[in-house]
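Working through the structure, step by step
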Amino acid sequence: MAGLANYHEPSPPAFLFDLDGTLIDSVYQHVIAWRAALSRLDIDLSVWRIHRRIGMSGGLFVSALLRETGRTLSEADIAMLQEAHRQEYLVQADSVRPLPGAADLLAALTDRKVAWAIATSGYWATAHHALAMLGLADDAPMVTRDMVAHAKPDPDLFLAAAALLGVAPQHAFVVGDSVWDLLAARRAGALGIGVLSGGYGREELERAGAYRVYADPADLFARADELGVRGLALPG
């Protein structure tokens, strides 16, 4: 047989990005914000315990931590904790920075007409502050906790982000820094890509389903050809 076979060439895969710890360096600000919020109810937890739950929805996050303490809280208390977390995080928002390569990666994907969206367990009130630091407009494609019934580890955020782009989840990569991102990716039917910039280890991310693991967005950008996106990074 001579020449190329007759087939429909696929489009480049879409990218669905987590936000905190994936595109912006904000995980530890969230950890400290949650610790301060919990202290308002005299709940004292080590920061490492809090960190292990970052990336889950706020309600599940509080429930999981309370199981470890044996405490029970009313729905009003849980709502107060989530509002206190929002307040405490915004106090620290000026210290948050984009992760290396994040803005360049999103700009390059846009230039190459590779579809992408952000899907975050954070609420719009805190998450939208990240858009400007990433060089994005307020109408950039982003799905927040306010827009779905359930957050991670449920797949709703990534399903909604794929729908926003008009692509099937099976034709998308989910890029995240936590095991909760990767569990949600698997439930959505998407391939998971891990980054180490949120504090989880390579082995943890791979066990949770990461097909590839990169140090941060800059590392992913430099090796995007491994994911089937050719010619994205500039030589050198």
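Coordinates for the structure precede this section.
What you see is a predicted model; the values in this text were computed from it and never measured. (Residues numbered from 1 in each chain as written. Predicted model: local features only at pLDDT ≥ 70, side-chain atom pairs only at ≥ 80, totals over all residues. Heavy atoms only, no water.)

1. Some remarks on the overall build of the protein
Heads up, the rule is: Numbering goes from the N terminus for both helices and strands, where a helix is a DSSP run of H or I of at least four residues and a strand is a run of E of at least two. We compute the radius of gyration over the C-alpha atoms and compare it with the globule rule, which gives 2.2 Å times the number of residues raised to the power 0.38. Only protein chains enter the calculation, and the probe is 1.4 Å; a residue is then buried if its accessible area is under 20% of its type maximum, exposed if over 50%, and partly exposed in between. Every residue pair with non-hydrogen atoms within 4.5 Å of one another is taken to be in contact. Only four residue types enter the tally: Lys and Arg on the positive side, Asp and Glu on the negative side, with His and both chain ends excluded. Charge coordinates come from a single atom per side chain, which is NZ of Lys, CZ of Arg, CG of Asp or CD of Glu.
From N to C terminus, the protein includes eleven helices and eight strands. Against the compact-globule benchmark of 18 Å for 236 residues, the protein has a radius of gyration of 18 Å, which places it among compact chains. Taking the principal axes of the C-alpha coordinates as reference, the protein spans close to 75 × 30 × 30 Å. Counting across all 236 residues of the protein, residues that qualify as buried make up 50%. Of all intrachain contacts in the protein linking residues separated by at least 6 positions in sequence, the fraction that spans at least 24 positions is 61%. Considering the protein, the positive charge centre built from 20 side chains and the negative charge centre built from 28 side chains are found 5 Å apart.

2. Examining the sheet that holds strand β7 (residues 191-195)
Put simply, the rule is: At least two DSSP bridges between two strands are required for those strands to pair.
With parallel pairing, six strands are arranged side by side in an open sheet as β5-β4-β1-β6-β7-β8. Single-partner strands in this sheet number two, and they are β5 (142-143) and β8 (210-214). As judged from the two bridges shared by strand β4 (residues 116-119) and β5, these two strands associate in the parallel manner. Bridge pairing in β5 links A119 to V143.

3. Topic: the pairing of β4
Residues of β4 alternate between two faces, with W116 and I118 on one and A117 and A119 on the opposite face, all of them buried. Sheet analysis places strand β1 (residues 14-17) next to β4, joined by three bridges and oriented parallel. Pairing of F17 across the sheet is with I118, part of β4.

4. A closer look at the nonpolar core
Just so we agree on the cut-off: The definition of a nonpolar core used throughout is a set of buried Ala, Val, Leu, Ile, Met, Phe, Trp, Tyr and Cys residues joined through side-chain atoms within 4.5 Å.
Counting residues in hydrophobic clusters, the biggest one holds 34 residues, and the most contacted among them are F15, F17, W116, I118 and L134. Apart from residues no more than four positions distant in its own chain, L134 is found in contact with L19, L23, I24, P98, A102, A103, L106 and I118. Within the second largest apolar cluster, 27 residues are counted, among which are F61, L81, W180 and L205.

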